[in-house]
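Coordinate analysis (summary)
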Amino acid sequence: MENLRKILLAESEMPRHWYNIVADMPNKPLPPLHPATRQPIGPEALAAVFPMELIKQEVSAERYIEIPDEVRDLYFTYRPSPVFRASNLEKALGTKSKIYYKYEGGNYSGSHKANTAIAQAYYNKKEGVRRITTETGAGQWGSAMSFACNHFGLELLVFMVKVSYDQKPGRKLLMNTYNAKVVPSPSTMTVAGRKILETFPDSPGSLGIAISEAMEIAAEDPYTKYSLGSVLNHVILHQTIIGQEALLQMEKAGDYPDVVIGCFGGGSNFSGIAFPFLRENLVNDKKTRLLTIEPSSCPKLTKGKFMYDFGDSAGMTPLLPMFTLGHNFIPEKIHAGGLRYHGAGVLVSQLLKDGLIEARAKMQRECFEGGVLFARTEGILPAPESTYAIAGALDEARKADLEGVSKTILFNLSGHGHFDISAYEKYFENNLPDHEMTKAEVEAAIASIELPG
Ligand SMILES: *Cc1c(COP(=O)(O)O)cnc(C)c1O
């Protein structure tokens, strides 16, 4: 049995390395800064909250980083993930274009987040950590970490954004099943949480607040570390397994994408599928467009400002150079909880600034409409987050048809929506509001950013 497993692993399409885009970026990302001194921080500044191996990956410029066997073993329970041709969707559209999607919902967590959860739990365990704290928005990240921590014998404490805690009780119970403790955020467990509750007792919470709470607990205890499910370079590194597999799978299909699309929360699933294709653009003269879709209610890439800002609301992280709406920004309660984050990862931000990737914003009703069409034609109920990528793919196909050309479109279906059925109910009842941040609102949000020094 064990032998067969080894042979299968060895012959699998699954890559043996993660790909680090930093090695191939024409302009390297700016360094994180210490909030008080405004000087670049060294890796040791992160040692209180992250294990050393992840810090090394965070600052690494090495092109390929080997995936440890223990991590590959668990990956192998659900990877390689399939690439499908969406033939029935194509028929329903009557498009001349070819639409492919990579499905990341077929694992225990129901989303791509398992890819980094497994790696992060593994490195923490290896360095003697006993407990991990983290935040979760919609609950996918918390579920991903819960199983991974339990597998490697670590305790997990999850701060779940309050609005999602109320909207998605199923996700909380799944985390409990995998042995995690889940607390609605803002909570009274931390200084950061209590401070918010004093001013806004009814606060719906935000990812920024939940991150502050989780980091505060981790910083207080040497055996507790903190873990983040998106945004950071090491998270994005782990997700590149998606795009590397997709490169091979598209080659097997005898095709190559003109455009690769992913939805955008902090950047991890988009980067995961896009960066290996971006490398082909940078190194092998390919011309694939890399397009990410964010919600109009949280438009950091399309309307935000590129500047140094905090990654969390209480200002516990280093200052990071990124597109942001301001670390105190609390987005509307749209149903794609995983996309309600005020900032964008440093790597994606630099690449967008350099014009190497594209971003567009969409309203949630159009995305759900695309999601329902996708469910009815392809048979998979998408996560609300993933419907943004679907809507982006539909746009590209329709645009190509108007221009009388045929395109090859590949998008990342980042997760399934089995826990989000009540959001679909609201859509069917015509009870799902559209919301777009105006320019004036964005300017006000950015103007309110208070940075020390
Ligand atoms: C968390 C999540 C996202 C958004 O996060 P990224 O880091 O931007 O990928 C998108 N889709 C699903 C299904 C998620 O769980």
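A few points on the structure.

Procedures and definitions
Residues numbered from 1 in each chain as written. Predicted model: local features only at pLDDT ≥ 70, side-chain atom pairs only at ≥ 80, totals over all residues. Heavy atoms only, no water. Helix = DSSP H or I, 4+ residues; strand = E, 2+ residues; numbered from the N terminus. Rg over C-alpha atoms; globule rule 2.2 N^0.38 Å. Buried < 20%, exposed > 50% of the residue type's maximum accessible area, 1.4 Å probe, protein only. Contact = heavy atoms within 4.5 Å. Lys, Arg positive; Asp, Glu negative; His and termini not counted. Charge placed at Lys NZ, Arg CZ, Asp CG, Glu CD. Near = heavy atom within 4 Å. Polar contact = N/O pair within 3.5 Å; in protein donor to acceptor, adjacent residues only side chain to side chain. 1 Å grid on protein atoms, 1.4 Å probe; cavity = no way out; pocket = protein on both sides within 12 Å on 5 of 7 lines; lining within 4 Å. Sits in = over half its atoms within 2 Å of the grid points. Nonpolar A, V, L, I, M, F, W, Y, C, P; charged D, E, K, R; others polar. Axes fitted to C-alpha atoms, helices over the stretch in contact; angles between N-to-C directions. Parallel < 35°, antiparallel > 145°, perpendicular 65-115°, else oblique. Left-handed = near helix turned anticlockwise from the far one by under 90°. Pairing = 2+ DSSP bridges.

Let us look at the overall build of the chain. What the chain contains, in helices and strands, is 18 helices and 14 strands. Over its C-alpha trace the chain gives a radius of gyration of 20 Å, about what one expects of a compact globule, namely 22 Å for 453 residues. Across the 453 residues of the chain, 60% fall into the buried class. Taking contacts inside the chain between residues at least 6 apart in sequence as the whole, the part at least 24 apart equals 76%. Here the chain holds 47 positive side-chain charges and 52 negative ones, and the gap between their average locations is 1 Å.

The local shell around the ligand holds 18 residues, among which Lys113, Ser230, Gly265, Ser268 and Asn269 are the closest. In this structure, glycine 266 approaches the ligand through a main-chain N or O atom, which is 3.0 Å from an oxygen atom. One of the side-chain N or O atoms of asparagine 269 is found 2.7 Å from an oxygen atom in the ligand. Here the ligand is seated within the largest cavity. For the shell around the ligand, a count of residues per class yields four nonpolar, twelve polar and two charged.

Our next topic: the packing of helix α12 (residues 268-284) against helix α14 (residues 346-353). With their axes 12 Å apart at the nearest point, α12 and α14 run at an angle of 50° to one another. As summarised for this structure, α12 and α14 are arranged oblique, according to the angle between their axes. The way α12 lies across α14 gives a crossing that is left-handed. Across the interface between the two elements, Ser271, Phe275 and Leu278 from α12 touch Leu347, Val348 and Leu351 from α14. Partitioned by chemical class, the residues of the contact of α12 with α14 number five nonpolar, one polar and no charged.

Here the focus is the sheet that holds strand β9 (residues 259-263). Taken together, the six strands give an open sheet; going across it, the order is β3-β4-β14-β9-β10-β13, and neighbouring strands pair in mixed fashion. Unpaired on one side and paired on the other, β3 (83-85) and β13 (358-362) mark the two borders of the sheet. Pairs of neighbouring strands in the sheet enclose a mean axial angle of 25°, with direction left out of account. Alignment of β3 against strand β4 (residues 98-103), held across three bridges, turns out to be antiparallel. In the sheet register, valine 83 faces β4, and the bridge partner there is lysine 102. Each of β3, β4 and β14 (408-413) is contacted by helix α11 (residues 233-252), which is oriented at about 135° to β4, the strand it contacts most. Against the sheet, helix α15 (residues 364-378) engages β3, β4, β13 and β14, with an angle of about 95° to β13.

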